[in-house]
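# Structural characterization, general
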Protein chains: 2
Amino acid sequence: MTVSKTAEKSSEKSGEATKGRKDASEPQGPGSAEALQLGELSEQLGYVLKRAQLKVFENFLRCMASLQLTPAQFSVLLLVEKNPGRNQTEIASTLGILRPNFVALLDNLESRDLCARIRSTNDRRSHILMLTDKGKAVLARAKKLVATKHEARLNDLLGQANREALIAMLSKVASEF
Amino acid sequence: MTVSKTAEKSSEKSGEATKGRKDASEPQGPGSAEALQLGELSEQLGYVLKRAQLKVFENFLRCMASLQLTPAQFSVLLLVEKNPGRNQTEIASTLGILRPNFVALLDNLESRDLCARIRSTNDRRSHILMLTDKGKAVLARAKKLVATKHEARLNDLLGQANREALIAMLSKVASEF
DNA sequence: CGATATTTGATATGGTCCATAACAATTATC
DNA sequence: GATAATTGTTATGGACCATATCAAATATCG
């Protein structure tokens, strides 16, 4: 039984019916707002990808509310920790962030004393990036929060094996699509 | 965040060494300006989700270049075709689009004669949405392009079974995460 | 009935993210 | 040493998202 695929083409305007008729021949929910049919949409890769991404980011922000870290900020801290001594261009481009847009992001992290810009002695044009002690501490706490409150949720939802399979497939899509 | 589609420029920086890097042992690409270590980033759900989504959207736009349809526009056409006679609020909210932002989107589709707003006789506040003949034709061509040039690419990359598993997991994440 | 509240489409507006151009300082190249 | 390229930065515009607000139409309720 397909919910309410009533109207075909011009089902609405033909009748002279003034009003008052609402075609009540469907098992409806409570308020009866008649849910729409998603149809092929629910099979569209881009559609489901985008919605999943929004949900995940939303959850990430909630998990990190106490640390006030966005996904982008978290990724910068992770990358700088793993690659200390790199300059802004290197970190930004690895994350797919354009250099101009990376400035404000770094300004934020630096103003919170999580990350430091250090003039390179080799090339005085560039700024070497490093985590401050506070930055390292915050990142450690962030990792713990992400692992226990965020990524763990995926296990609860999909199971360990499926979680890994999902990440692997997404990585493949991200790099080879 | 993180991620944009700008290609890496891989500034040739022929190794030499202004300073000792501890790059341990990683298979590097050719030019290799010392690729950074992604580390835990490549395991982060949000990170890989976002990158995959950008790649997929980018590919979608390329596939639809001849029809000039964005993912959002395509989803509107699909939903209106499947649910003719619904009003703007119903279509927009189903897609997670806020009513104010839906107006310009519809203005565009209507100006291209793909979709029509029709004043409802039952409720003269609302606009009933329907596809025009041209809209139906364009959508049919769009579906074909998406199937052959876009979704098919997933099969080539993951295989039929994995493709379906990926979509299913993403749907689950989108609705239950 | 009529006063009030609600809904619908629309406008205006602000925020965030993304992309390009341009600039000063520094370095590389020839 | 003149010119080109790179680095961080600013300025700016576009796309997308969110809120407040409005007029018209409808619903609700005394």
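Refer to the structure above for everything that follows.
Residues numbered from 1 in each chain as written. Chains lettered and ligands numbered in written order. Predicted model: local features only at pLDDT ≥ 70, side-chain atom pairs only at ≥ 80, totals over all residues. Heavy atoms only, no water.

## Topic: the relation of the copies chain A and chain B
Relative to chain B, chain A is turned by 180° and slid 0.0 Å along the rotation axis, the superposed coordinates differing by an RMSD of 0.0 Å. Such values leave the two copies arranged in the relation of a two-fold axis. Among all residues of chain A, the minimum C-alpha distance to the rotation axis is found for Leu 166 of chain A, at 3.3 Å. Counting the interface residues of chain A, we find that 87% of their copies in chain B are interface residues as well, pointing to one common contact surface. (Least-squares fit on C-alpha atoms with pLDDT ≥ 70 in both. Contact = heavy atoms within 4.5 Å.)

## Structural notes on the nonpolar core
Among soluble globular proteins, nonpolar side chains are generally buried collectively. Residues and elements named next belong to chain A. Core analysis: the largest hydrophobic core is formed by 31 residues, its most contacted members being Met 64, Leu 69, Phe 74, Ile 91, Leu 95 and Phe 102. Among the elements of the structure, α2 (71–82), α3 (88–94), α4 (99–111), β2 (127–131) and α5 (133–158) are those that each provide at least two residues to this core. If you tally residues by element for this core, the top one is α2, at seven residues. (Core = buried A, V, L, I, M, F, W, Y, C linked by side-chain atoms within 4.5 Å. Buried < 20%, exposed > 50% of the residue type's maximum accessible area, 1.4 Å probe, protein only. Helix = DSSP H or I, 4+ residues; strand = E, 2+ residues; numbered from the N terminus.)

## Considering the packing of helix α2 (residues 71–82) of chain B against helix α5 (residues 133–158) of chain B
Helix packing for two helices is described by the angle between their axes and how far apart those axes are. Residue and element names in this part refer to chain B. Where α2 meets α5, the axes come as close as 11 Å, and the angle between the chain directions of the two elements is 120°. Here α5 runs oblique to α2, going by the angle between their axes. At the point where α2 passes α5, the crossing takes the left-handed sense. Residues Phe 74, Leu 77, Leu 78 and Glu 81 of α2 pack against Leu 139, Ala 142, Lys 143 and Val 146 of α5. Here the contact of α2 with α5 is composed, by residue class, of six nonpolar, no polar and two charged. (Axes fitted to C-alpha atoms, helices over the stretch in contact; angles between N-to-C directions. Parallel < 35°, antiparallel > 145°, perpendicular 65-115°, else oblique. Left-handed = near helix turned anticlockwise from the far one by under 90°. Nonpolar A, V, L, I, M, F, W, Y, C, P; charged D, E, K, R; others polar.)

## Points about the protein's contact with DNA strand D
With respect to spatial proximity, 16 residues lie near DNA strand D, and among them Gln 88, Thr 89, Arg 117 and Arg 125 of chain A together with Asn 101 of chain B are the closest. For DNA strand D, the fraction of atoms within 4 Å of the protein that belong to sugar or phosphate moieties is 62%. Between a phosphate oxygen of DNA strand D and a main-chain N or O atom of His 127 of chain A, the distance comes to 3.1 Å. In the model, a phosphate oxygen of DNA strand D is placed 3.1 Å from a nitrogen or oxygen of the Arg 124 of chain B main chain. Of all elements in the fold, only α3 and α4 of chain A together with α4 (99–111) of chain B reach the threshold of two or more residues within the surface near DNA strand D. Counting residues per element, the surface near DNA strand D draws most heavily on α4 of chain A, at three residues. Class assignment for the residues of the surface near DNA strand D results in four nonpolar, six polar and six charged. (Near = heavy atom within 4 Å. Polar contact = N/O pair within 3.5 Å; in protein donor to acceptor, adjacent residues only side chain to side chain.)

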